[in-house]
Amino acid sequence: MCLTTDCWTSQVQDGYMTVTATFIDENWNLHKKVISFFMVKGHKGEDIGKNLTRCLADWGLDRVMTVTVDNASANDSGVDYLRRQLQKTNIAKGKFLHMRCAAHIVNLIVRDGLQEVDLSIKRVRAAVRYIKNGTSRLVKFKEIAEEEKVDSKAFLKLDVPTRWNYTYLMLKAIIVYEKVFLKLVEDDTNYVIDLSEARDGFGHPDEDDWDNAKKMAQFLQHFHDLTVRISSSLQVTCNTFFHEIGEVHLLIQEWLNSEDNLQVSMGMRMKEKFDKYWGLWHTNSKDNDRQQQEQDRDKGRSKGRGKEKEKDKDKENINLFIFVAAFLDPRYKLSLYTKISVEEIFGEERCQLVWAAINTCVRELFEEYRNMYATSEETTQVIDANQSKGGAGGMLKEKIAKRMKLSNCSTSTNKSELEKYLAEETEDTEKKMDILGWWKVNSNRFPVLSHMARDVLAIPITTVASESAFSTGGRILDDFRTSLTPFMLEALVCTQDWLRRPTVDIKESTEELAIIEKGIIFAYLLAFVYLLYAI
């Protein structure tokens, strides 16, 4: 089971928290369900951790693969609290429990870069606002567009300054009308005066500003498309996420190697943020810090390490489950392709350290799953071996087996499941693959790895699933329904989310459609009962 969580403040300033569970069922279908939506008193780290622990207890869950959260410091403390509570039951002792939201990191990287062209974007934004603030201005603008023969279905869009993706959509729409705005400078004196610094403006966009706008639109398109790809909650995304990290690295590197000073300065800002979350590998990671603290505690020297801990707090390595998910993709595994990708992201020096850590993580995780899900075939082999010792020719068989093992002549049947999986040829990397379908077909051949795949491939790399619950909550708890109780709000949000299902083919699935209709009727009756109870 994988979780995402986030906090939200309603229109009446009440704090809410949502918990979304993601899992893959026995038929290899990916599910995303809002399992809790409740009011909270505070957004502190310990509060978040306690709320998550209580939510898991309510559902009878004691094993969580990852918790995906944004980069708020309170979330770091909350996940640490949950890790301590689940240390005895969690996978890998909760070492990889904390998964940072990829969309949030991309947002931080891009926003740092946009600071270099802040003035140009402000001027373009002011120009769009000027045109949209008057009917006569719109008419005149369209007339000039017809004169300049600008034919575009997309019209001007005003962005939200705090959201770079809206800035991209604004720039994408406006650069088509560059000629129109330049002509407007000559034909409309009010346009120049209203945007001038004398009116506390930033000035109207000149040719340099338009040049910057074109560069930014082209550059931001890559990040916009990337965010769309990783934000899907209806399909597995973690298995190819290492690709997306590599793409971001190459884009930034391209700008750093550019002859354009603007691109270089933007690239430097973005590279710093990229390295903070994805591009560096620290040998003094949190894991080493924990081990050192345990050793110091045993020796009674833990007091002097407080300042060092604060100093190294931000030195956190990328979550290795990202690469474990790639290993579970039959196109990549632990192949040379994957190793080269790691080298591109971390560089030649660090690549060896990261690659060794990935291999260790994969093998340790496999051993942990093998202990949990030992196959009946392995058990049978152990029983047969024990029985053969007392049977006819038992001593001879045992001696032959030892000699075969020593001479490395053991047959392929003695290979571990992990070795068999790695020994098989990888699928074509260009092939579009239904990864859950592949594991469904091959789960009998790799029973332990299939359990591992069901847990790892369910990991969401963004908090979009939780944020969408707040969109629903905002629509339900509008100005006309602010008196809804937290209990009723949770019932409505969770019911709506649980009723959402993939589109059903009516011709081929009439029985399933009838079941869904019955479920909807039952849900409405249940909601009606809740209302009566609340009254």
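Provided above is the structure to which this section pertains.
In this convention, every chain numbers its residues from 1, walking through the sequence in written order. Under the rules for a predicted model, residues below a pLDDT of 70 receive no local features and side-chain atom pairs below 80 are neither given nor counted, while totals for whole chains, interfaces and linings still include all residues. Processing note: side-chain calculations cover all non-hydrogen atoms of the structure and skip hydrogens and water entirely.

(A) Representation of the overall build of the protein within the structure. Where helices and strands are cited, they refer to DSSP runs of H or I of at least four residues and of E of at least two residues respectively, numbered from the N terminus. When its secondary structure is counted, the protein shows 23 helices and five strands. Expressed as a percentage of the 535 residues in the protein, the buried residues total 45%. By sequence separation, contacts in the protein at least 24 residues apart represent 72% of the contacts at least 6 residues apart. Note that accessible areas follow from Shrake-Rupley with a 1.4 Å probe, and for residues the cover is restricted to the protein chains shown. Summed over its atoms, the accessible surface of the protein is roughly 30,000 Å², and 50% of this surface lies on carbon and sulfur atoms. Relative accessibility thresholds used throughout: buried, under 20% of the residue-type maximum; exposed, over 50%; partly exposed, between the two (1.4 Å probe, protein chains only). We call two residues in contact whenever any of their non-hydrogen atoms come within 4.5 Å of each other.

(B) Just the nonpolar core, in detail. In plain words, nonpolar cores are sets of buried Ala, Val, Leu, Ile, Met, Phe, Trp, Tyr and Cys residues tied together by side-chain atoms within 4.5 Å. Among the nonpolar cores identified, the biggest contains 106 residues, and Phe-181, Trp-278, Leu-328, Trp-439, Leu-449, Met-452 and Leu-457 are the most heavily contacted of them. Looking at this core element by element, the count peaks at 13 residues for helix H15 (residues 336-372). The residues touching Trp-278, leaving out its near neighbours within four places in the chain, are Ala-102, Ile-105, Val-106, Ile-109, Phe-241, Ile-245, Ile-318, Ile-345 and Phe-346. With 19 residues, the next largest nonpolar core counts Ala-21, Val-40, Val-67 and Val-69 among its residues.

(C) Fine view of the packing of aromatic side chains. Stacked, edge-to-face and tilted are the three classes for Phe, Tyr and Trp ring pairs, Trp counted by its six-membered ring, which pair at centre distances within 6.5 Å; planes under 30 degrees apart are stacked, over 60 edge-to-face, the rest tilted. This structure, assessed with the given rule, holds 24 aromatic pairs. Ring geometry for Phe-242 and Tyr-332: centres 5.2 Å apart, planes at 80°, overall edge-to-face. On the criterion of sequence distance, the pair formed by Phe-242 in helix H10 (residues 241-256) and Tyr-332 in the loop between helix H14 (321-327) and H15 is long-range, its members being 90 residues apart. Note on accessibility: Phe-242 and Tyr-332 belong to one class, buried. Between the aromatic rings of Tyr-421 and Trp-438, the centroid separation amounts to 6.4 Å while the plane-to-plane angle is 70°, which identifies the pairing as edge-to-face. Of this pair, Tyr-421 sits in helix H18 (residues 417-423) while Trp-438 sits in helix H19 (residues 435-442), and the two are 17 residues apart along the sequence. Among the aromatic residues, those joined into a cluster by ring pairs are Tyr-130, Phe-141, Phe-155, Tyr-177, Phe-181, Tyr-191 and Trp-210.

(D) Region of the structure containing the packing of helix H11 (residues 261-279) against H15. H15 packs onto H11 with a crossing angle of 70° between their chain directions and a minimal axis gap of 11 Å. Here H15 runs roughly perpendicular to H11, going by the angle between their axes. Helix-helix and strand crossings are classified by hand; for H11 and H15 the assignment is right-handed. Each of Phe-274, Trp-278 and Gly-279 in H11 lies in contact with H15, whose residues at this interface are Ile-345, Phe-346 and Arg-350. For this scheme, ten residues count as nonpolar: Ala, Val, Leu, Ile, Met, Phe, Trp, Tyr, Cys and Pro. Four count as charged, namely Asp, Glu, Lys and Arg, and the remainder, Gly too, count as polar. Classifying every residue of the contact of H11 with H15 by side-chain character gives four nonpolar, one polar and one charged. Every angle, taken between N-to-C directions, lies between 0 and 180 degrees, and every axis is a line fitted to C-alpha atoms, over only the stretch in contact when it is a helix. What sets the label is the angle itself: under 35 degrees gives roughly parallel, over 145 gives roughly antiparallel, 65 to 115 gives roughly perpendicular, and the rest give oblique. In this scheme the crossing of two helices becomes right-handed for a clockwise turn of the near helix relative to the far one and left-handed for an anticlockwise turn of less than a right angle.

(E) Just the packing of helix H6 (residues 164-174) against helix H9 (residues 207-230), in detail. It is at 8 Å that the axes of H6 and H9 come closest, and there the two elements cross at 130°. Looking at the two axes, H6 sits oblique to H9. Of the two elements, H6 crosses H9, and the hand of that crossing is left-handed. Here Trp-164, Asn-165, Tyr-168, Leu-169, Leu-171, Lys-172 and Ile-174 of H6 come into contact with H9, specifically with Trp-210, Ala-213, Met-216, Ala-217, Leu-220, Gln-221, Phe-223, His-224 and Thr-227. When its residues are assigned to classes, the contact of H6 with H9 shows eleven nonpolar, four polar and one charged.

(F) Representation of the environment of Ser-36 in the model. Looking at the secondary structure, you find Ser-36 in strand S3 (residues 30-40). Residues Ser-36 and Leu-52 lie 16 residues apart in sequence; the distance between their C-alpha atoms is 9.5 Å. Filtering out sequence-adjacent residues up to four positions away, Ser-36 remains in contact with Met-17, Thr-18, Val-19, Cys-55, Glu-490 and Cys-494.

(G) Up close: helix H22 (residues 486-499). By this rule the span expected of a helix is its residue count minus one, scaled by 1.5 Å. If you check H22, its first and last C-alpha atoms are 20 Å apart, about what 14 residues at 1.5 Å a residue would give, namely 20 Å. Those residues of H22 that fall on the buried side of the exposure criterion are Met-488, Leu-489, Ala-491, Val-493, Cys-494 and Asp-497.

(H) Broad picture of the pairing of strand S2 (residues 15-24). Counting buried positions along S2 gives nine out of ten residues, so the element sits mostly inside the fold. Should DSSP find at least two bridges between two strands, the strands are taken to pair. Pairing geometry for S2 and S3, over ten bridges, is antiparallel. Bridged to Thr-20 within S3 is Val-34. Count of turn residues in the S2/S3 antiparallel hairpin: five residues, of which Trp-28 carries a positive phi of about 65°.

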